[in-house]
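Observations on the model geometry
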Amino acid sequence: GNNPISAQASFMIAQKVYNKATQAAQQQDSSSVYTVRQAKEMLDAMIKKFPASEGGINAKNLLNQILHQQINVTTEKVNVPGLPVRTLVTYKNCKTVYFRLNELTQQLKKEVTKNYNNEQLCQTLVKTKSLTSWRQDLPVADDYLSHSVEVKIDPLPVGEYALIGSAS
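This section reports on the structure supplied with the text. (Residues numbered from 1 in each chain as written. Predicted model: local features only at pLDDT ≥ 70, side-chain atom pairs only at ≥ 80, totals over all residues. Heavy atoms only, no water.)

Quick look at helix α5 (residues 118–127) now. Leu121, Thr124 and Leu125 are the residues of α5 that are buried. Taken end-on, α5 shows its buried residues confined to a sector of 95 degrees, consistent with a single buried face. In α5, the exposed positions angled more than 90 degrees off the buried face are occupied by Glu119 and Lys127. (Buried < 20%, exposed > 50% of the residue type's maximum accessible area, 1.4 Å probe, protein only. Helix = DSSP H or I, 4+ residues; strand = E, 2+ residues; numbered from the N terminus. Arc of directions from axis to C-beta.)

What follows concerns the packing of helix α4 (residues 106–114) against α5. At their nearest, the axes of α4 and α5 sit 9 Å apart, and the two run at 165 degrees to each other. As far as their axial angle goes, α5 and α4 are roughly antiparallel. Handedness of the α4/α5 crossing: left-handed. Seen from α4, the contacting residues are Leu108, Glu111 and Val112; seen from α5, they are Leu121, Thr124 and Leu125. The residue inventory of the contact of α4 with α5, partitioned by class, reads four nonpolar, one polar and one charged. (Axes fitted to C-alpha atoms, helices over the stretch in contact; angles between N-to-C directions. Parallel < 35°, antiparallel > 145°, perpendicular 65-115°, else oblique. Left-handed = near helix turned anticlockwise from the far one by under 90°. Contact = heavy atoms within 4.5 Å. Nonpolar A, V, L, I, M, F, W, Y, C, P; charged D, E, K, R; others polar.)

One open sheet accounts for three strands, arranged β4-β3-β6; its pairing is antiparallel. Looking at the sheet topology across the chains shown, the edges are occupied by β4 (132–137) and β6 (161–166). Ignoring which end each strand starts from, the neighbouring axes of this sheet average 20 degrees apart. Judged from the six bridges that link them, strand β3 (residues 96–103) and β4 form a sheet pairing that is antiparallel. Across the sheet, Val97 pairs through a bridge with Gln136, a residue of β4. (Pairing = 2+ DSSP bridges.)

Our focus in this paragraph is the sheet that holds strand β2 (residues 85–92). What holds strands together in a sheet is hydrogen bonding between their backbones, with the strands either parallel or antiparallel. Here we have three strands laid out as an open sheet, ordered β1-β2-β5, and antiparallel in their pairing. A single partner strand is all that each edge strand has here, and the edge strands are β1 (70–75) and β5 (147–153). Taken pair by pair, the neighbouring strands of this sheet meet at an average axis angle of 25 degrees, ignoring direction. Pairing of β1 with β2, which is carried by six bridges, proceeds in the antiparallel orientation. Counted as the bridge partner of Val73 is Val89 from β2.

Moving on: helix α2 (residues 36–49). An ideal rise of 1.5 Å per residue puts 20 Å on 14 residues; α2 measures up with 20 Å between its terminal C-alpha atoms. For α2, every residue scored as buried is listed here: Val36, Ala39, Lys40, Leu43, Met46 and Ile47. Seen along its axis, α2 keeps its buried residues to an arc of 125 degrees; they face one direction. (Expected span 1.5 Å × (residues − 1).)

This paragraph deals with the side chain of Thr22. Within the secondary structure, Thr22 sits in helix α1 (residues 6–26). There is a polar contact of 3.1 Å between the side chain of Thr22 and the backbone oxygen of Asn19. Beyond its immediate chain neighbours, meaning those up to four positions away, Thr22 contacts Val36 and Leu145. (Polar contact = N/O pair within 3.5 Å; in protein donor to acceptor, adjacent residues only side chain to side chain.)

Set out below in structure tokens:
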């Protein structure tokens, strides 16, 4: 237990626990004895005890993967004007999603349709003056797994819009 080489063996056990926990979550198997929280605790202990060892470095990488924030926003392409719009937010390790709503002018629509570089597209949309912006608190989930929730967007008049969602 005091040999740095043991950290790699411990990492492999923690990785197995993580894999079993995520697999059980994907299959919605609530009877699983494995949790991502258990794997995280094992990784934290390894990193603290042997940070520079191969197992410690591998543990840091897996821990970064576990703690990584993710947000995915999905809205239907066509919505009825004057009625609220439902948007599906799938998130991991986030407490709040920040929204911006931009109206797509002809010029902005051309830029959006011709630009396949996501980073440039995001920069273009963020630089554009938004119609509105707001934040939506998400249900607390401290299990390091992905969760989904539908959020309501206030009714919009006829037009084309771009909805941007971000963790910050």
